[in-house]
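Secondary and tertiary structure notes
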Amino acid sequence: MPVQETTLVICKPDAVARGLVGEILGRLERRGLVLVRAELRSIDAGTAAAHYAEHEGKPFYQGLIEHITSGPALLAVVGGHSGTWRVVRQMMGATNPAEAAPGTIRGDLALTMTENLIHGSDSAASAEREVALFFPGLPSAGR
Ligand code: IDP
Ligand code: MG
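Here is a short report on the structure shown in this document. (Residues numbered from 1 in each chain as written. Chains lettered and ligands numbered in written order. Predicted model: local features only at pLDDT ≥ 70, side-chain atom pairs only at ≥ 80, totals over all residues. Heavy atoms only, no water.)

**Details of the overall build of the protein**
- Looking only at helices and strands, one finds 7 helices and 4 strands in the protein.
- Ordered by position from the N terminus, the helices and strands of the protein form the series β-α-α-β-α-α-β-α-α-β-α.
- Relative to a compact globule of 143 residues, whose C-alpha radius of gyration would be 15 Å, the protein shows 14 Å and is just as compact.
- Along the first, second and third principal axes, the C-alpha atoms of the protein reach 40 × 35 × 25 Å.
- The burial tally for the protein puts 45% of its 143 residues in the buried class.
- The contacts of the protein with a sequence gap of at least 6 include a subset with a gap of at least 24, amounting to 76%.
- By element, 53% of the accessible surface of the protein is carried by carbon and sulfur atoms, the whole surface being about 7,200 Å².
- With 13 positive and 15 negative side-chain charges, the protein shows a separation of 5 Å between the mean positions of the two kinds. (Helix = DSSP H or I, 4+ residues; strand = E, 2+ residues; numbered from the N terminus. Rg over C-alpha atoms; globule rule 2.2 N^0.38 Å. Buried < 20%, exposed > 50% of the residue type's maximum accessible area, 1.4 Å probe, protein only. Contact = heavy atoms within 4.5 Å. Areas by Shrake-Rupley, 256 points an atom, 1.4 Å probe, with all protein chains shown as cover. Lys, Arg positive; Asp, Glu negative; His and termini not counted. Charge placed at Lys NZ, Arg CZ, Asp CG, Glu CD.)

What follows is the structure, given as structure tokens:
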């Protein structure tokens, strides 16, 4: 099935440090999503600030930026048939792992808000913006 829609996934530095990148990407692949692009990269402060601009000024912002820039992260563009960002969000589980359902990535593998393993775009517009931020020049799927 051709990739019609892509979304950005970040296996955060805690996922890389814990050796859970294969587990996380494996879950997405077994679901039927495909890897369009993947790169292990340390996210610089400027890119982190642009990525998380919506959270600037919130109490957890500084800790969030510190964590996401703390070491290598696995950046992935993940593709699917349609509604791809929503499928990934469902598989991630709630932001707070303590409230994430069993069977989700956070619900099975994480315990704390900061170290919750994975980022996934939260809308089609966010997906487009975030893929372009981390992989400029990558053609958008389905267009
Ligand atoms: P999301 O990752 O599920 O989309 P967002 O609300 O976009 O959640 O928040 C971005 C990230 O900021 C979360 O994944 C989490 O790591 C962190 N975060 C969000 N809210 C809190 C909080 O109340 N305390 C600590 N960290 C938080
Ligand atoms: Mg978010």
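**Considerations on the pairing of strand β3 (residues 73–80)**
- Counting buried residues along β3, 8 of its 8 residues qualify, which places the element largely inside the surrounding structure.
- Residues A73, L75, V77 and G79 line one face of β3 and the alternating positions L74, A76, V78 and G80 line the opposite face, and both faces are buried.
- In terms of strand pairing, strand β1 (residues 5–11) meets β3 through 7 bridges, oriented antiparallel. Each residue of the ladder has a partner; that of C11, found in β3, is L74.
- Direction of pairing for strand β2 (residues 34–41) relative to β3: antiparallel, over a ladder of 7 bridges. (Pairing = 2+ DSSP bridges.)

**A few points about the sheet that holds strand β4 (residues 118–120)**
- Across the sheet, 4 strands lie side by side as β2-β3-β1-β4; this open sheet has antiparallel pairing. Looking at which strands have only one partner, the edges of the open sheet turn out to be β2 and β4. Sheet twist, expressed as the mean angle between neighbouring strand axes with direction ignored, is 20°. (Axes fitted to C-alpha atoms, helices over the stretch in contact; angles between N-to-C directions.)

**Examining the side chain of T84**
- Mapping T84 onto the fold places it in helix α5 (residues 84–92).
- For T84, a relative accessible area of 1% translates into the label buried.
- Excluding its chain neighbours within four sequence positions, the residues that come into contact with T84 are E5, T7, L33, V78 and G79.

**Considerations on helix α2 (residues 21–31)**
- What α2 keeps buried is the set V21, I24, L25, G26, R27 and L28.
- Looking at the residues trailing α2, positive phi occurs at G32, about 115°.

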